[in-house]
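Listed below, chain by chain, are the residues.
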Amino acid sequence: MVIVLNDNRVKDVAAYMPLAKAFAEDTKTEKGCIEMNVGVDHKVPGRVIFVSKWETKEDFMNSIDGPAFQKHIPMMGQYYISGQDIFLEEC
């Protein structure tokens with residue numbers, strides 16, 4: 001199993017979060033997705049973190065071309081500033 005942290009910076013967190021939550025819910029139906037949650041770091045302005053668990057890293061990478069990304073990322077992109085993906089293997 002792999003844990004993926006998507007550490008993003010966005011503008012207008014209030015407008016972004018409903019989109020992010022909908023994206024997380026739809027992503028949970030993607031092949032290999034075990035869990036996905038999204039939260040806000042109130043100590044760092046604009047910081048939104050997605051935490052997800054996947055059966056394999058390949059499942060996560062394949063989800064980038066999947067329906068949840070295709071449906072939600074265009075709307076979320078207007079708020080996106082930068083981000084970083086961190087992959088952790090569960091031990």
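Residues numbered from 1 in each chain as written. Predicted model: local features only at pLDDT ≥ 70, side-chain atom pairs only at ≥ 80, totals over all residues. Heavy atoms only, no water.

Trainee: Could you clarify how one ought to interpret the environment of Ala68 in this entry?
Mentor: Within the element layout of this structure, Ala68 appears in helix H3 (residues 67-76). Between the C-alpha atom of Ala68 and that of Thr27, which follows or precedes it by 41 residues, the distance is 5.5 Å. For Ala68, the contacting residues outside a window of four places in its chain are Phe23, Asp26, Thr27, Glu30 and Ile73. (Helix = DSSP H or I, 4+ residues; strand = E, 2+ residues; numbered from the N terminus. Contact = heavy atoms within 4.5 Å.)

Trainee: I keep staring at the layout of surface pockets and nothing clicks. Help me out?
Mentor: Space left empty within the atom packing is revealed by a probe, the size of a water molecule, rolled over the atoms. Each pocket or cavity is described by its volume, and for the largest pocket that value is around 310 Å³. Considering the residues around the largest pocket, the lining is formed by 16 residues, among which Asn6, Asn8, Phe69, Ile73 and Tyr80 are closest to the centre. For the lining of the largest pocket, the elements supplying multiple residues, two or more each, are strand E1 (2-10), helix H1 (13-27), H3 and strand E4 (80-89). The biggest single contributor to the lining of the largest pocket is E4, with 4 residues. Of the residues belonging to the lining of the largest pocket, the class tally is 10 nonpolar, 5 polar and 1 charged. (1 Å grid on protein atoms, 1.4 Å probe; cavity = no way out; pocket = protein on both sides within 12 Å on 5 of 7 lines; lining within 4 Å. Points joined across faces, edges and corners; volume = space filled by probe spheres on them. Nonpolar A, V, L, I, M, F, W, Y, C, P; charged D, E, K, R; others polar.)

Trainee: Is there a simple way to explain the sheet that holds strand E3 (residues 47-54) in this structure?
Mentor: In a beta sheet, neighbouring strands pair by backbone hydrogen bonds and run either parallel or antiparallel. Here 4 strands make up an open sheet; going across it, the order is E2-E3-E1-E4 and the pairing antiparallel. Each end of this open sheet is capped by a strand with a single partner; those strands are strand E2 (33-41) and E4. The sheet shows a mean angle of 15° between the axes of neighbouring strands, taken without regard to direction. Here E1 pairs with E3 via 8 bridges, running antiparallel. Along E3, the bridge assignment pairs Ile3 with Lys53. Contacts between H1 and the sheet are confined to E1, E2 and E3, with E2 contributing the most and set at about 170° to the helix. (Pairing = 2+ DSSP bridges. Axes fitted to C-alpha atoms, helices over the stretch in contact; angles between N-to-C directions.)

Trainee: Sorry if this is basic, but what is going on with the pattern of salt bridges here?
Mentor: If charged atoms from side chains of opposite charge come close, those side chains can pair. According to the stated counting rule, one finds 6 salt bridges in the structure shown. Between Arg47 and Asp7 there is a salt bridge, with the nearest N and O atoms lying 2.8 Å from each other. A residue pair is termed long-range when its members are at least 10 positions apart, and Arg47 in strand E3 and Asp7 in strand E1 qualify at 40 residues. Of the charged contacts in the structure, one is a salt bridge between Asp41 and Arg47, with a shortest N-O distance of 2.9 Å. Among the charged side chains, a network of salt bridges with common partners joins Asp7, Arg9, Asp41 and Arg47. (Salt bridge = Lys/Arg side-chain N within 4 Å of Asp/Glu carboxyl O.)

In short, shape yes, function no, at least from these values alone.
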